[in-house]
Amino acid sequence: MKPYRYKSVVFKSMLLSVLVLVLSACGTVQIGRDFDVRAFEEIVGMAEMSKAQVQDLLGAPKGTGIAMDKDGVRVDEWLYFYGTGKLPSMSDTTIKTLQIRFKKNGMVQSYNWSYSQ
């Protein structure tokens, strides 16, 4: 590659990077996937729900882990989250989280969710 052509490629790459940064500073950022907590609550309120049923309704969890229940028993925990806001001020920010704990048999034991705007 000729030296002047190399400089042109580097310059164009730098220009593109700056342009992306400037445009993204004026855009909206989104993390996670939106989910319907009300639909989840309605179904869980009517009957027990399995891990497979939760995944069918909400999709794959964004995080998984282990939690200790009040009796010291370890239970599986799934985390769903969704957030959106406008950059750079993060105005119109919305954040939702849903934590679901499962019994040893794979059925929902408990859940908690939060929503902030």
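Computed from a predicted structure; not experimentally measured. (Residues numbered from 1 in each chain as written. Predicted model: local features only at pLDDT ≥ 70, side-chain atom pairs only at ≥ 80, totals over all residues. Heavy atoms only, no water.)

Caption draft 1: Quick peek at the overall build of the protein. Counting its regular elements, the protein contains three helices and five strands. In sequence order, the protein lays out its α and β elements as α-β-α-α-β-β-β-β. Across the 117 residues of the protein, 24% fall into the buried class. Relative to all contacts within the protein whose residues are 6 or more apart in sequence, the contacts with residues 24 or more apart total 46%. (Helix = DSSP H or I, 4+ residues; strand = E, 2+ residues; numbered from the N terminus. Buried < 20%, exposed > 50% of the residue type's maximum accessible area, 1.4 Å probe, protein only. Contact = heavy atoms within 4.5 Å.)

Caption draft 2: Local environment of the pattern of salt bridges. Going through the model one piece at a time under the given rule, you end up with five salt bridges. Notably, a salt bridge pairs Glu-48 with Lys-103, separated by 2.7 Å at the nearest N-O pair. Of the two residues, Glu-48 is situated in the loop between helix H2 (37-46) and helix H3 (51-58) and Lys-103 in the loop between strand S4 (91-102) and strand S5 (108-116); the sequence distance between them amounts to 55 residues. With relative accessibility at 47%, the residue Glu-48 sits in the partly exposed group. With its nearest N and O atoms 2.9 Å apart, the salt bridge here joins Glu-77 to Arg-101. Note that Glu-77 is positioned in strand S3 (residues 74-86) and Arg-101 in strand S4, a separation of 24 residues in sequence. (Salt bridge = Lys/Arg side-chain N within 4 Å of Asp/Glu carboxyl O.)

Caption draft 3: Expanded view of the nonpolar core. Ranked by internal contacts, the top residues of the largest apolar core, which has 14 residues, are Phe-35, Phe-40, Val-54, Leu-58, Tyr-80, Leu-98 and Ile-100. Mapped by element, the contributors of at least two residues to this core are H2, H3, S3 and S4. When residues no more than four places from it in sequence are discounted, the contact partners of Leu-58 are Arg-33, Phe-35, Asp-36, Phe-40, Tyr-80, Leu-98 and Ile-100. (Core = buried A, V, L, I, M, F, W, Y, C linked by side-chain atoms within 4.5 Å.)

Caption draft 4: Looking closely at a nonpolar patch on the surface. Among the surface-exposed residues, Val-29, Ile-31 and Leu-87 lie close enough to one another that they form a single nonpolar patch of about 210 Å² accessible area. Considering the arrangement of structural elements, one finds Ile-31 in strand S1 (residues 28-32). (Patch = residues over 30% accessible without salt bridge, like charges linked within 9 Å, V, L, I, M, F, W, Y side chains within 5 Å. Areas by Shrake-Rupley, 256 points an atom, 1.4 Å probe, with all protein chains shown as cover.)

Caption draft 5: Representation of the pairing of strand S2 (residues 63-68). Bridging between S2 and S3 involves six bridges; their strand directions are antiparallel. Bridge pairing links Ile-66 to Asp-76 in S3. Here S2 folds back onto S3 in antiparallel fashion, the turn holding five residues, of which Gly-72 has a positive phi close to 85°. (Pairing = 2+ DSSP bridges.)

Caption draft 6: Expanded view of the environment of Ser-114. Along the polypeptide, Ser-114 turns up in strand S5. C-alpha of Ser-114 to C-alpha of Leu-98: the two residues are 16 residues apart in sequence and 6.7 Å apart in space. Every residue in contact with Ser-114, bar those within four places of it in the chain, is listed here: Ile-95, Lys-96 and Thr-97. At 2.7 Å, the side chain of Ser-114 forms a polar contact with the side chain of Thr-97. (Polar contact = N/O pair within 3.5 Å; in protein donor to acceptor, adjacent residues only side chain to side chain.)

Caption draft 7: Quick peek at H2. Among all positions of H2, only Val-37, Phe-40 and Val-44 are buried. Projected onto a plane normal to the axis of H2, the buried residues spread over an arc of 60° and lie on a single side. Among the exposed residues of H2, those pointing more than 90 degrees away from its buried face are Arg-38, Glu-42, Gly-45 and Met-46. By the N-cap criterion, in which a side-chain oxygen at the helix start approaches the backbone nitrogen of a residue two or three places on, H2 is capped by Asp-36, the distance to Arg-38 being 3.1 Å. (Arc of directions from axis to C-beta.)

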